[in-house]
Amino acid sequence: MILDLQQLSTIDKQYYLQHIIAPRPICFASTIDKAGRVNLSPFSFFNLFSTDPAIVVFSPSRRVRDNTIKHTLENVLEVPEVAINIVDYDMVQQTSLASCEYGKDVSEFDKAGFTVQPAQLIQPPLVKESKAKMECKVLEVKPLGDKGGAGNLVICEVLRIHLDESIVNGNGRIDQRKLKHVARLGGNWYCKIDETNLFEVEKPNVKLGIGFDALPAPIRNSKVLSGNDLGILANVEVLPQQQPGFSDIHFEQLLADANNKSETIHQYAAHLIAAGKVAEAWQVLLRS
């Protein structure tokens, strides 16, 4: 299935893009106008783009149905400040309620049941219920078009971060398992990040992995090992060598069975990789 975006309606473009470019973090933005009226609204076109300076960007797009702009955009053009509150699972339904298009004089804090927490450096208030929030100044608002669906990049510098103690460990670091992020998918779909779906991927950073091309051909061309398995194996700095003292009872049993083929050995290696025993998996593969 191939889609030519020039042939799609704006609604269809939005549908496909929001479903495949996901999950997206949610910027729960608190802003204020010159009259002191506060607006609170979520935006999933949002991410981190620089750490020094600390820059985040979110985009309140023009409405597709009537090409009007949102109160958030109006506010940051009047008062270039924004409090960005990170959404977690405990507040996702309230956050969704705040996305209703209430009038400019209506408080989304009241409608969605959130508590106003005064900021320290900016005028817009923070959402007390959010466990991680940022006080930001708006550096630039960059329109991307004048049609319905066109984004407006609100480029913000983070001035101060507020963290709830419940998500911080004894070393002053955030425990990723305790901050149950919520992210936006397509349509009505969201996802929750918790311990059941968290996993770690070791980054190469300074060291260089040997790469797929350096893997021995029987391993690289395995009919059993997945791309992820091979990616883990190829992340070692030096191609491992057989260790004479290596011992693995189950592996020895597999070798002793004349009926076992290389696929069976590779299945066991994949099991070891899944268990985090990469060095052992290498020894099994090198001896098979």
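Note: the structure precedes this text.
Engineer: I keep staring at the overall build of the protein and nothing clicks. Help me out?
Structural biologist: Within the protein, the regular secondary structure consists of nine helices and twelve strands. Taken against the 2.2 N^0.38 rule, which gives 19 Å for 288 residues, the C-alpha radius of gyration of the protein at 25 Å runs more than 25% over that of a compact globule. With the C-alpha coordinates aligned to their principal axes, the bounding extent of the protein is approximately 80 × 55 × 30 Å. When the 288 residues of the protein are sorted by exposure, 38% land in the buried category. Taking as baseline every contact in the protein between residues at least 6 positions apart, the subset at least 24 positions apart corresponds to 60%. Surface accessibility of the protein: about 17100 Å² in total, with carbon and sulfur atoms responsible for 51%. The centroid of the 30 positive side-chain charges in the protein is displaced by 3 Å from the centroid of its 34 negative side-chain charges.

Engineer: Help me understand the packing of aromatic side chains, please; the structure alone is not making it clear to me.
Structural biologist: For any pair of aromatic rings, the description rests on two quantities: the centre-to-centre distance and the angle between the ring planes. Scanning the model with the defined rule gives three aromatic pairs in all. Between tyrosine 15 and tyrosine 16, the ring centres sit 5.1 Å apart and the planes meet at 85 degrees, which makes this aromatic pair edge-to-face. With a relative accessible area of 43%, tyrosine 15 lands in the partly exposed category. Take tyrosine 16: its relative accessible area is 29%, and that puts it in the partly exposed class. Ring geometry for phenylalanine 43 and phenylalanine 58: centres 5.5 Å apart, planes at 40 degrees, overall tilted. Highlighted residues: phenylalanine 43 in strand S3 (residues 38-43) and phenylalanine 58 in strand S5 (residues 54-58), separated in sequence by 15 residues. With respect to burial, phenylalanine 43 and phenylalanine 58 carry one shared label: buried.

Conventions and cut-offs
The numbering scheme is per chain: residues are counted from 1 as the chain's sequence reads. At least 70 in pLDDT is required for a residue's local features to be given in this predicted model, at least 80 for side-chain atom pairs to be given and counted, and no such filter applies to totals for whole chains, interfaces and linings, which use all residues. Computation of side-chain values covers all heavy atoms of the structure but excludes hydrogens and water. Each helix corresponds to a stretch of at least 4 residues labelled H or I by DSSP, and each strand to a stretch of at least 2 residues labelled E; elements are numbered beginning at the N terminus. The size measure is the radius of gyration over C-alpha atoms, and the globule rule it meets is 2.2 Å times the number of residues to the 0.38 power. Only protein chains enter the accessibility calculation, which uses a 1.4 Å probe. A residue is then buried if its area is under 20% of the maximum for its type, exposed if over 50%, and partly exposed in between. By definition in these notes, contact holds between two residues if any of their heavy atoms fall within 4.5 Å. Only the protein chains shown count as cover for residues, and the accessible areas themselves come from Shrake-Rupley with a 1.4 Å probe. Charge convention: Lys and Arg are scored as positive, Asp and Glu as negative, and His as well as the terminal groups of each chain are ignored. Throughout, a charge is located at the NZ atom of Lys, the CZ atom of Arg, the CG atom of Asp or the CD atom of Glu. A pair of aromatic rings is counted whenever rings of Phe, Tyr or Trp (Trp by its six-membered ring) have centres within 6.5 Å, and the orientation is called stacked for planes under 30 degrees apart, edge-to-face for over 60 and tilted otherwise.

Remember that the coordinates give geometry; whether it matters functionally is a separate question.
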